[in-house]
Amino acid sequence: MGHVHVHPSEEAPASPQARRMLLVLLAPLIIATVAGLVVLWPSEVRPDLSAEFGAPDDLVDAQVVGLQRGPCPGTPDEADIRCVTPTVEILGGADRGRTVTLQPQSRAAGVDFDIDERVVLGYTAAAEEDFQYYFADRERRGPLLVLGILFAVAVIGLGRFHGFRALLGVGISLLALTTFVLPAVLEGSNPLAVALVGSSFIAFVSLYLAHGLNARTTTALLGSLGSLALVGVLSTIFVAASRFSGLADEEALFLSISAVDLDLTGLLLGGIVIGTLGVLYDVTVTQASAVWELQRANPRYTRWELYRSAIRIGRDHIAATVNTLVLAYAGASLPLFLIFTQADIGLLDAVNGELVAVEIVRTLCGSIGLVASVPLTTGLAALVVRGPEPPSTEGEDPVDGDEPPDEAEAVPAAKEAAATTPTADNDPRHFRSRGERSFWG
């Protein structure tokens, strides 16, 4: 009998038939994604936001050099409405080095300043000279940069080169959103179509970049895209059935005025698709990896045994992930829930409102897609993965009819068989396989 080598550090191979199957499934998706990018790619001319909506001509950094605190102008002293009037030095733009005094800011609104604090000013050329510069926001890029560096160090420290490639995939995803998805939607293209094409491109690049060009990654990719298509279909059906206007929040209302060609309902659908994609990565990659690792640990597993074992892993993962998704949306809507509670609005009445109903549809459609991704990815992975080919047994009849050992006995039995086989090296990582036949023949 032969001696089969299974090295834990190596990727379990897929048969040529399985690779061809993956290619047949993947090729139409690649073609559709490339065609969608070509057809929907936005022009270089982007619609500008009208000055009537208060959009600044430019944003510049400034530093607070003086402060004056006192009653807000036009309010009686007894009202005790306090304001702070900052004097700032402009650090960029055509007026760099110029010192200007901004309009008073109400401290009741939580606005206050410190000397030497960095702020961001908005500049409007058409305004009167004393009103051209105004306080727009605080300067937060420094703390955000430090936090980003800490995040990168943590990811690369644990994931090493895989972590670096994952961060590179994040950068490409953000680039795709800013150069394709957002401009195409603003140009008037169907937001759902743009979201599906953009998500497919992001999935291709991010998964292959982070996890390598192999059968396992392709399996996770197909599981992600299949589940994403299901989310798109469900969202289309239930957004239409719920008759959402797309005007549930202030941003959508603002866009409906400033971007007349924008399909707000399609924008809602596109947001659901893109928001689900990131969580799908987690589930599909985990399931594909689980099948590969189970097969590597016990090459005697049948495909049905692989599927059942990996599904048990998937059940726990889905239970945790769905709960996380629901809590994430609930946390984002916490101020709204507080308003409903304060106004003594009943649960059923609150749920019926578009603000809450949109989040419910978003959460449930995404969660159904996550649940569906587990059996889809696991089943495909169990079909694709295979163990090492049995060696040639010339002059020796294969042993047929051997039943695979129980899960608890499989690995110890394989190691014992390998240790007692008369070979040049009895490496404990090697497994002995008796009478196994390739699924693909």
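Residues numbered from 1 in each chain as written. Predicted model: local features only at pLDDT ≥ 70, side-chain atom pairs only at ≥ 80, totals over all residues. Heavy atoms only, no water.

Enquirer: In this structure, what is going on with the overall build of the protein chain? I would like to understand it.
Expert: Within the protein chain, the secondary structure is distributed over eleven helices and six strands. Out of the 441 residues in the protein chain, the part that is buried amounts to 38%. Counting contacts in the protein chain only where the partners sit at least 6 residues apart, residues at least 24 apart contribute 72% of the total. Carbon and sulfur atoms make up 62% of the accessible area of the protein chain, which amounts to about 24600 Å² in all. (Helix = DSSP H or I, 4+ residues; strand = E, 2+ residues; numbered from the N terminus. Buried < 20%, exposed > 50% of the residue type's maximum accessible area, 1.4 Å probe, protein only. Contact = heavy atoms within 4.5 Å. Areas by Shrake-Rupley, 256 points an atom, 1.4 Å probe, with all protein chains shown as cover.)

Enquirer: Any chance you could explain the pairing of strand β2 (residues 82-90) here in plain terms?
Expert: Note on strand geometry: in a regular strand, side chains alternate between the two faces of the sheet. In terms of residue burial, β2 counts as a mostly covered element, since seven of its nine residues are buried. Note: strand β1 (residues 58-71) against β2, nine bridges, orientation antiparallel. In the sheet register, Gln68 faces β2, and the bridge partner there is Thr85. Sheet topology note: the β2/strand β4 (residues 105-106) ladder contains two bridges and is antiparallel. Across the sheet, the residue bridging to Val84 is Gln105, located in β4. (Pairing = 2+ DSSP bridges.)

Enquirer: Before we go on, may I ask you to explain the packing of aromatic side chains in this structure?
Expert: Any two aromatic rings considered together are summarised by their centre-to-centre distance and by the angle between their planes. By the definition in use, this model includes five aromatic pairs. Between Phe113 and Phe135, the ring centres sit 5.1 Å apart and the planes meet at 90°, which makes this aromatic pair edge-to-face. In this pair, Phe113 sits in the loop between β4 and β5 (118-123) while Phe135 sits in strand β6 (residues 133-138), placing the two residues 22 residues apart along the sequence. The class for Phe113 is buried, based on a relative accessible area of 2%. Under the relative-accessibility criterion, Phe135 is labelled buried at 18%. Between Phe161 and Phe164, the ring centres sit 6.2 Å apart and the planes meet at 20°, which makes this aromatic pair stacked. Within this pair, Phe161 and its partner Phe164 are both found in helix α2 (residues 141-186), separated by three residues, close to a single helical turn. With relative accessibility at 54%, the residue Phe161 sits in the exposed group. By relative accessible area, which is 43% here, Phe164 ends up partly exposed. Looking at Arg138, its charged tip hangs above the ring of Phe113, at a distance of 5.4 Å from the centre. (Phe/Tyr/Trp six-rings, centres within 6.5 Å; stacked < 30°, edge-to-face > 60°. Lys NZ or Arg CZ within 6 Å of the ring centre and 35° of its normal.)

Enquirer: When you look at the pairing of β5 in this model, what are you seeing that I'm missing?
Expert: Examined bridge by bridge, β1 and β5 share six bridges and lie antiparallel to one another. Its bridge partner being in β5, Gln63 is matched across the sheet by Arg118. Sheet topology places β5 next to β6; five bridges connect them, and they run antiparallel. Bridge assignment links Leu121 to a residue of β6, and that residue is Phe135.

Enquirer: What am I meant to see in the confidence of the model for the protein chain here?
Expert: Detailed reading of the predicted coordinates is not advisable wherever pLDDT is low. For the protein chain, mean pLDDT is 77; residues scoring 70 or higher make up 77% of the total. Counting interchain partners and residues more than four positions distant, the pLDDT-below-50 stretch residues 1-10 has 30 contacts. Within the model, the stretch residues 388-441 combines pLDDT values under 50 with 73 contacts to residues more than four positions away or in other chains. (pLDDT = per-residue confidence, 0-100.)

Enquirer: Honestly, a nonpolar patch on the surface in this entry has me stumped. Any pointers?
Expert: A cluster of nonpolar side chains, namely Ile30, Val34, Val38 and Val39, defines an oily patch on the protein surface of about 380 Å² accessible area. Looking at the secondary structure, you find Val34 in helix α1 (residues 16-40). On the basis of relative accessibility, which here comes to 45%, the residue Val34 falls in the partly exposed class. (Patch = residues over 30% accessible without salt bridge, like charges linked within 9 Å, V, L, I, M, F, W, Y side chains within 5 Å. Salt bridge = Lys/Arg side-chain N within 4 Å of Asp/Glu carboxyl O.)

Enquirer: Sorry if this is basic, but what is going on with the nonpolar core here?
Expert: By size, the foremost hydrophobic cluster in this structure holds 51 residues, and its most contacted members are Leu221, Val239, Phe244 and Val384. Every element with two or more residues in this core is listed here: α1, α3 (191-211), α4 (215-242), α6 (264-297), α7 (303-332) and α10 (354-384). With 13 residues, the top contributor of residues to this core is α6. The next biggest cluster of nonpolar side chains, apart from the first, holds 14 residues, and it includes Ala62, Val111, Val119 and Leu121. (Core = buried A, V, L, I, M, F, W, Y, C linked by side-chain atoms within 4.5 Å.)

Enquirer: What should I look at first to understand the pattern of salt bridges in this one?
Expert: As enumerated under the stated definition, the model contains eight salt bridges in all. Linking Asp137 and Arg140 is a salt bridge whose minimum nitrogen-to-oxygen distance equals 2.7 Å. Since its relative accessible area comes to 32%, Asp137 is described here as partly exposed. For Arg140, a relative accessible area of 43% puts it in the partly exposed group.

Enquirer: Where do I start with the packing of α2 against α3 in this structure?
Expert: Geometry of a packed helix pair, given as the angle between the helix axes and the separation of the axes. Between α2 and α3, whose axes approach to 9 Å, the crossing angle comes to 165°. Judged by the angle between their axes, α2 and α3 are roughly antiparallel. By crossing handedness, the relation of α2 to α3 is classed as right-handed. (Axes fitted to C-alpha atoms, helices over the stretch in contact; angles between N-to-C directions. Parallel < 35°, antiparallel > 145°, perpendicular 65-115°, else oblique. Left-handed = near helix turned anticlockwise from the far one by under 90°.)

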